[in-house]
Amino acid sequence: MAKKENEQKFQFALGKQNYILLAIGFVIIIVGFLLMMGGRSEDPTVFNEEIYSFRRITLAPIIVLFGFFFEIFAIMKKPKLEE
């Protein structure tokens, strides 16, 4: 009986909600990198202007940065105390 009283409950550094937010942030970062893909030319001697599209140059890096900031928020958010 004394053994049970002395045992401490194992706790993770972050709460369940933090891990869910981390997963969401990871998905946002992956989406940003997927938006950067493409723009290659079928013929290597011909230049394709599609590589400089708004999606690849502006939108995708903004989404990736948002994902990284979201990850920082997810780590820094205080977990709710459960009694």
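Look above for the structure.
A brief look at the structure comes next. Nothing here was measured: the structure is a model prediction, and the numbers come from that model. (Residues numbered from 1 in each chain as written. Predicted model: local features only at pLDDT ≥ 70, side-chain atom pairs only at ≥ 80, totals over all residues. Heavy atoms only, no water.)

### Details of helix H2 (residues 16–36)
Then, number 1: Here H2 spans 31 Å end to end across 21 residues, near enough to the 30 Å set by a 1.5 Å rise per residue.
Then, number 2: Against helix H3 (54–76) lie the buried residues of H2.
Then, number 3: One or two residues past the end of H2 sits Gly38, with phi positive at roughly 100°. (Helix = DSSP H or I, 4+ residues; strand = E, 2+ residues; numbered from the N terminus. Expected span 1.5 Å × (residues − 1). Contact = heavy atoms within 4.5 Å.)

### A few points about H3
Then, number 1: Taking 1.5 Å of rise per residue, the 23 residues of H3 would be expected to cover 33 Å, and the 32 Å separating its terminal C-alpha atoms lies within 8% of that figure.
Then, number 2: In this structure, the buried side of H3 is in contact with H2.

### As for the packing of H2 against H3
Then, number 1: Interaxial distance between H2 and H3 falls to 8 Å at its minimum, and their mutual angle equals 165°. Here H3 runs roughly antiparallel to H2, going by the angle between their axes. Read as a crossing pair, H2 and H3 show a hand that is left-handed.
Then, number 2: Across the contact of H2 with H3, the residue classes break down as 20 nonpolar, 4 polar and 3 charged. (Axes fitted to C-alpha atoms, helices over the stretch in contact; angles between N-to-C directions. Parallel < 35°, antiparallel > 145°, perpendicular 65-115°, else oblique. Left-handed = near helix turned anticlockwise from the far one by under 90°. Nonpolar A, V, L, I, M, F, W, Y, C, P; charged D, E, K, R; others polar.)

In short, the description is geometric, and any link to function would need to be established separately.
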